[in-house]
Amino acid sequence: MTSLIVLLCVILITVVLVQIGKVYELTNVIKGEQQVLRDNSKWNGWLSLTFLVVFLFGVFYSAWDYKNVMLGYGPHHAASEHGALLDNIFFITLVITGIVFVLTHIALFYFVYKYRYQEGRKAKFIPHDNRLEVWWTAIPAVVMTILVVRGLNAWNTVMADVKEGEEYMEIEATAQQFGWTLRYPGNDGKIGTRDYKLTTGANTLGVDFTDSKSWDDIIPGQELYLPVGKKVRVRIIAKDVLHNFYLPQHRVKMDAVPGLPTYFVFTPTKTTAEYRNELRKYPEYNEPFDAADPTGPKRWEKFDYELACAELCGKGHYSMRRVLKIVTQEEYDAWLKQQKSFYLTEIRGKADDPNKDKVLDLEVRERAKEFGENIKKAVESTTATDKTLVLNHIGFETGSATLTSNSKYELDNLVTGLNAFPNISIEVAGHTDNSGDPAGNVALSSARAASVVKYLVDRGISAGRLKPRGYGDTKPLAPNDTPDNMAKNRRTEFTILN
Ligand SMILES: [Cu+2]
């Protein structure tokens, strides 16, 4: 229906135009050709002059009116080290092209008016003029050279990669329809390697978890944090189509290309709080953030830096916005401490974990710390039940009393604990679930307790402080009704006796 109406409109407009043309031709015949030419020229001249003034006024007015929403003018100052340099390049280009624009605009429309058709006036022809040629070639050439050289210099400064030995932090931004996955290095300051062939449902980035650098890497939630004054190198890549890593206030903008990693190096110079304080000076930022709540927070109070995708990458493109907080180093460190390693929380011990049979260095350290704290608490406690601790990380070969090689870490922690508290002695107790016959269970648990004691004695602990005992299935922690509960009941524990 709509297309039919549009089609009819087009036909009607054509008919009207044809009719106007016919009327015009008839008037020409009546008035005489010469008179019509004179009238038209006069009209065109005056219309050009009007256009000259109105258009120029419009240009300056809109530039003035919109200046506060443009980057680099009004409230939108650059918040990064290189940002001011880019803004300066844009400003100089704008001034030079602005002058050329105004002059040519005036010349064009004023000349149309000045040299309109007048009877008896003849046009002067200049077929060739060397001097003019030199001027209008040389001036643009010089100006363009200045602009291009300055631009190239700025490009080289802005796009420079980090130098060797320079201090910086690196993060990785992976784009896909429709969101960003940002990966931060953990305490080691290094991001683990990845390989697209390792991509699975749980490991969506294809991180190589056999690379120890990846174990403490962090994939934070919606809000991103970066410390102020620290050089940041962002590795940028996409998984599906072209995206673009855009931090408008930081003048950072780089394509995220599938299969071709890019990067951007920048240094944030203002924290979010500092930037908000600058915005506060502008009336438009003192309006309420939510128009429905006039007494609520002002726009400057709710301002946040943002990470946006600056490539039209699909219909959910708008949802690629993320909030970026620039904070002091102390605040950043505090935030980082709260973040959990992606590997340890999402992958470790699950189907996609390539290190299932290994105990990781950082786990060894963590467990040692935890064990030290627990044994101290147990020694100091006066409650009888607090004196028993389960040795969570020791294991035996199935159906035998041979310790698995990974058990040594937990047992070494126990050695350290016994050395730290030389006056305590302990009972080492073996427990089983209720499968198998009770007498066999007691024998197995006794043998397992004895293996633990033997290990401790071999590490220099006096045998007099250690009492092995096998309880079989007589002391379950939980009813033996589910595989999980049965696993809980198969345990080795120790009790501090004095
Ligand atoms: Cu995108």
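About the thresholds
Just so you know, the residues in each chain are numbered from 1, in the order the chain's sequence is written. Owing to the predicted nature of the model, reporting of local features is limited to residues with pLDDT of at least 70; listing and counting of side-chain atom pairs is limited to 80 or more, with chain, interface and lining totals taken over all residues. The split into domains, and so the bounds of each, comes from an automatic or database assignment of domains. As used throughout, a nonpolar core is a set of buried Ala, Val, Leu, Ile, Met, Phe, Trp, Tyr and Cys residues joined through C-beta atoms within 7 Å of each other. Residue burial here comes from a neighbour count, namely the number of other C-beta atoms, placed from the backbone, that lie within 10 Å of the residue's own C-beta, with 20 or more meaning buried, 12 or fewer meaning exposed, and in between meaning partly exposed. Only runs of H or I of at least four residues qualify as helices and only runs of E of at least two qualify as strands under DSSP, and these elements are numbered from the N terminus. A residue pair is marked as a contact if its C-beta atoms, positioned from the backbone, fall within 7 Å. When DSSP finds two or more bridges between a pair of strands, those strands are recorded as paired. Fitted lines through C-alpha atoms give the axes, limited to the stretch in contact for helices. The angle between two N-to-C directions lies from 0 to 180 degrees. Any angle from 65 to 115 degrees is called roughly perpendicular, while one under 35 is roughly parallel, one over 145 is roughly antiparallel, and all others are oblique. When the near helix sits turned anticlockwise from the far one by under a right angle, the crossing is termed left-handed; a clockwise turn instead gives a right-handed crossing. Any residue outside Ala, Val, Leu, Ile, Met, Phe, Trp, Tyr, Cys, Pro, Asp, Glu, Lys and Arg is labelled polar, Gly included; the first ten of those are nonpolar and the last four are charged.

**Considering the domain arrangement of the protein chain**
Then comes step 1: Domains assigned within the protein chain are domain 1 (1–28), domain 2 (32–118 + 133–158), domain 3 (169–347) and domain 4 (361–496).
Then comes step 2: Taking only C-alpha atoms into account, the centre of domain 1 sits 56 Å from that of domain 3.

**Digging into the nonpolar core**
Then comes step 1: Within the largest apolar cluster, 27 residues are counted, with the highest numbers of intra-cluster contacts made by Ile-236, Phe-245 and Phe-264.
Then comes step 2: Put simply, the parts of the chain that give this core at least two residues each are β1 (169–176), β3 (224–227), β4 (232–238), β5 (243–247), β6 (252–256), β7 (262–266) and β8 (305–309).
Then comes step 3: If you tally residues by element for this core, the top one is β4, at five residues.
Then comes step 4: Excluding residues within four positions of it along the chain, Ile-236 makes contact with Ala-173, Phe-245, Met-254, Ala-256, Pro-261, Thr-262, Tyr-263 and Phe-264.
Then comes step 5: One finds Leu-403, Leu-411, Val-452 and Val-453 within the second-largest nonpolar core, a separate group that totals 14 residues.

**Some details on the environment of Arg-183**
Then comes step 1: Relative to the helices and strands, Arg-183 is located in strand β2 (residues 179–183).
Then comes step 2: In this structure the C-alpha to C-alpha distance between Arg-183 and Gly-83, which are 100 residues apart in sequence, comes to 24 Å.
Then comes step 3: Filtering out sequence-adjacent residues up to four positions away, Arg-183 remains in contact with Ile-171, Glu-172, Ile-191, Leu-205, Asp-217 and Ile-219.

**Side note on the sheet that holds β5**
Then comes step 1: Strand order in this open sheet of five strands is β3-β9-β8-β5-β6, and the pairing throughout is mixed. Because the sheet does not close on itself, it has two edges, and the strands there are β3 and β6. In this sheet, adjacent strand axes meet at a mean angle of 25° when their direction is disregarded.
Then comes step 2: Of the strand pairs in this sheet, β5 and β8 are connected by two bridges, and their pairing is antiparallel. Looking at the pairing, Tyr-246 lines up with Ala-308 of β8.

**Some details on the packing of helix α10 (residues 407–420) against helix α11 (residues 438–458)**
Then comes step 1: The contact between α10 and α11 brings their axes to 10 Å, and the two run at 60°. One finds that α10 runs oblique with respect to α11. When you trace α10 past α11, the crossing you get is right-handed. Contacts between α10 and α11 involve Leu-411, Leu-414 and Val-415 from the first element and Val-452, Tyr-455 and Leu-456 from the second.
Then comes step 2: In terms of residue class, the contact of α10 with α11 is built from six nonpolar, no polar and no charged.

**Quick word on the pairing of strand β9 (residues 322–327)**
Then comes step 1: By the bridge criterion, four bridges tie β3 to β9 in an arrangement that is parallel. When the bridges of β9 are listed, Leu-224 appears paired with Leu-324.
Then comes step 2: The pairing of β8 with β9 spans three bridges and is classified as antiparallel. From the neighbouring strand, Leu-307 faces β9, where its bridge partner is Arg-322.

**As for the sheet that holds strand β10 (residues 388–390)**
Then comes step 1: Read across the open sheet, the four strands follow the order β10-β13-β11-β12; overall the sheet is mixed. Both edges of this open sheet fall to β10 and β12 (466–470), since each of them pairs with a single strand only. Here the average twist between neighbouring strands, direction ignored, is 20°.
Then comes step 2: Of the pairings in the sheet, the one linking β10 to strand β13 (residues 491–496) comprises three bridges and is antiparallel in character. Its bridge partner lying in β13, Val-390 is registered against Glu-493.
Then comes step 3: Docked against the sheet, α11 engages β11 (426–431), β12 and β13, running at close to 160° with respect to β12.

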